[in-house]
Amino acid sequence: LKCSLLLNFYFLCLYLQKGCAAMSKIRRLNLSANVSKLYSDAVLFGDCLSISGMLPVDEQGNIVGKGDAAAQAEQVFRNIGRLLKEAGADFSQVVKLNIYLTNIDDRTAIRPVREKYFPPETLPACTLLEISRLAQPDALMEIEALVYLG
C-alpha cells in the first residue's frame, strides 16, 4: 500500500510540474452515459490516465460471470481496454494495477486472464488485496489502473 501511494504521489507530482495550464487537458471518460454515479470511469490529465475501479459489468450494468472469477476478470479487463482505447492507449502503457478480490484464492483463476493482457515484457506494478465486499454483491473483484501516456 505504501508503494502504491508513492507511485500515485509520483504521478501527481509529474502532473503538477506541467503547471495549471494542464488543467484544460482534463477529460473524463465513461463507459456508459446511462449509469448515474458520482465519479468518472477514468480521468485523463496530461500524460496520465487514472482508471477508476472497474467491476465485471456489461454495457447495461449487469454483472457478468456470477461466481466465476476468470469470467469476471475477463470482463473487467475488457472494460479497462475500452477506456484505454478511448484514451488512445493500450495495456502496454499500464504502469500500476490495484486488484481487490473478495476471495484471495481467486488470484489463481484470474492469473491466466492477466497474462493474456499483460505479457511478461509489459507487466505493471501491482497491488492485490482481499476485501470483505464490494458495492455490487455479485462482483468478485474490482480493478483500477494508472496509465502513463507519454
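Whatever comes next refers back to the structure up there.
Throughout what follows, the structure given in this document is the object of discussion. Every value quoted in this text rests on a predicted model; they were computed, and no experiment measured them.

Focus on the nonpolar core
Move 1: Grouped together as the largest cluster of nonpolar side chains are 28 residues, with contacts concentrated most on Ile-51, Phe-77, Ile-80 and Leu-84.
Move 2: At the level of secondary structure, the elements contributing two or more residues to this core comprise strand S2 (42-45), strand S3 (48-54), helix H2 (69-86), strand S4 (94-101), helix H3 (107-117) and strand S6 (141-148).
Move 3: With 7 residues, the top contributor of residues to this core is H2.
Move 4: If sequence neighbours within four positions are ignored, Leu-84 has contacts with Leu-49, Ile-51, Ala-89, Asp-90, Phe-91, Val-94 and Val-147.
Move 5: Residues Leu-55, Val-57, Ile-63 and Leu-134 belong to the second largest nonpolar core, which totals 5 residues.

A short note on the environment of Asn-103
Move 1: With respect to the helices and strands, Asn-103 occurs in the loop between S4 and H3.
Move 2: With 27 residues separating them along the chain, Asn-103 and Glu-130 place their C-alpha atoms 6.0 Å apart.
Move 3: Polar contacts involving the side chain of Asn-103 include one to the main-chain amide nitrogen of Asp-105, which spans 2.9 Å.

Here's the deal with the pattern of salt bridges
Move 1: Scanning the model with the defined rule gives 4 salt bridges in all.
Move 2: Two residues, Lys-116 and Glu-74, come together in a salt bridge whose shortest N-O distance is 3.1 Å. In this pair, Lys-116 sits in helix H3 while Glu-74 sits in helix H2, placing the two residues 42 residues apart along the sequence.
Move 3: Looking at Glu-74, the relative accessible area reads 13%, which means it is buried.
Move 4: Ionic pairing is found between Glu-115 and Arg-111, a salt bridge with its closest N-O pair at 3.0 Å. You can see Glu-115 and its partner Arg-111 sitting in helix H3, 4 residues apart, about one turn around the helix.
Move 5: Residue Arg-111 is classed as exposed on the basis of its relative accessible area of 55%.
Move 6: Taken together, the shared-partner salt bridges in this structure form one network comprising Glu-74, Arg-78 and Lys-116.

Definitions and limits used
- Residues numbered from 1 in each chain as written.
- Predicted model: local features only at pLDDT ≥ 70, side-chain atom pairs only at ≥ 80, totals over all residues.
- Heavy atoms only, no water.
- Core = buried A, V, L, I, M, F, W, Y, C linked by side-chain atoms within 4.5 Å.
- Buried < 20%, exposed > 50% of the residue type's maximum accessible area, 1.4 Å probe, protein only.
- Helix = DSSP H or I, 4+ residues; strand = E, 2+ residues; numbered from the N terminus.
- Contact = heavy atoms within 4.5 Å.
- Polar contact = N/O pair within 3.5 Å; in protein donor to acceptor, adjacent residues only side chain to side chain.
- Salt bridge = Lys/Arg side-chain N within 4 Å of Asp/Glu carboxyl O.

By themselves these figures say nothing about function.
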